[in-house]
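For reference, the chains in residue letters:
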Amino acid sequence: MQTKPNIKSPEVRSSPKATNISDQDYRKAVEENKRLLSEVNHLKQENTVLREDGVRQRKVGGSADEDAYNPHVVKQQQPQVSGFPPVLYLVLAVFFGIVLGKFVL
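Since the structure is predicted, the reported quantities are computational estimates derived from the model, not experimental observations.

Trainee: Any chance you could break down the pattern of salt bridges for me, citing the residues and the numbers?
Mentor: Per the counting criterion, the structure on display carries 3 salt bridges. The shortest N-O distance in the salt bridge between Arg35 and Glu39 comes to 3.7 Å. With a gap of 4 residues between them, Arg35 and Glu39 both fall in helix H2 (residues 23–60), about one helical turn apart. Its salt-bridge partner being Asp53, residue Arg56 comes within 2.4 Å of it at the nearest N-O pair. Note that Arg56 and Asp53 are positioned in helix H2 at a spacing of 3 residues, about one turn of the helix. Owing to a relative accessible area of 48%, Arg56 belongs among the partly exposed residues under this scheme.

Take a look at the structure:
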């Protein structure tokens, strides 16, 4: 009976030079982080203003324009009246299928 040799995976160590970030690079990263956070806050405020403006415009618009702005309202479509009932189309399709089947086979 053979036993498998005990193989250990080598440890991965990062070099100390790769983990040390220079003070200048750290400051740049902190400044960019602050700038991006302030931009996110500005965009959130702008989004809130635009939402409030949209709600205000919908309320002022009136009842006739209200359906156009409300995505939850489903307009009922008038059913299209056809000259023939759907059963007639079914009967014609079966008839043509039988006739064509006789000629092909």
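Trainee: Got a sec to walk through a nonpolar patch on the surface? Specific residues and values, please.
Mentor: A surface patch of nonpolar side chains, amounting to about 720 Å² of accessible area, comprises Phe84, Leu88, Tyr89, Leu92, Phe95, Phe96 and Leu100. Judged by relative accessible area, which is 46%, Tyr89 ranks as partly exposed.

About the cut-offs
Residues numbered from 1 in each chain as written. Predicted model: local features only at pLDDT ≥ 70, side-chain atom pairs only at ≥ 80, totals over all residues. Heavy atoms only, no water. Salt bridge = Lys/Arg side-chain N within 4 Å of Asp/Glu carboxyl O. Helix = DSSP H or I, 4+ residues; strand = E, 2+ residues; numbered from the N terminus. Buried < 20%, exposed > 50% of the residue type's maximum accessible area, 1.4 Å probe, protein only. Patch = residues over 30% accessible without salt bridge, like charges linked within 9 Å, V, L, I, M, F, W, Y side chains within 5 Å. Areas by Shrake-Rupley, 256 points an atom, 1.4 Å probe, with all protein chains shown as cover.

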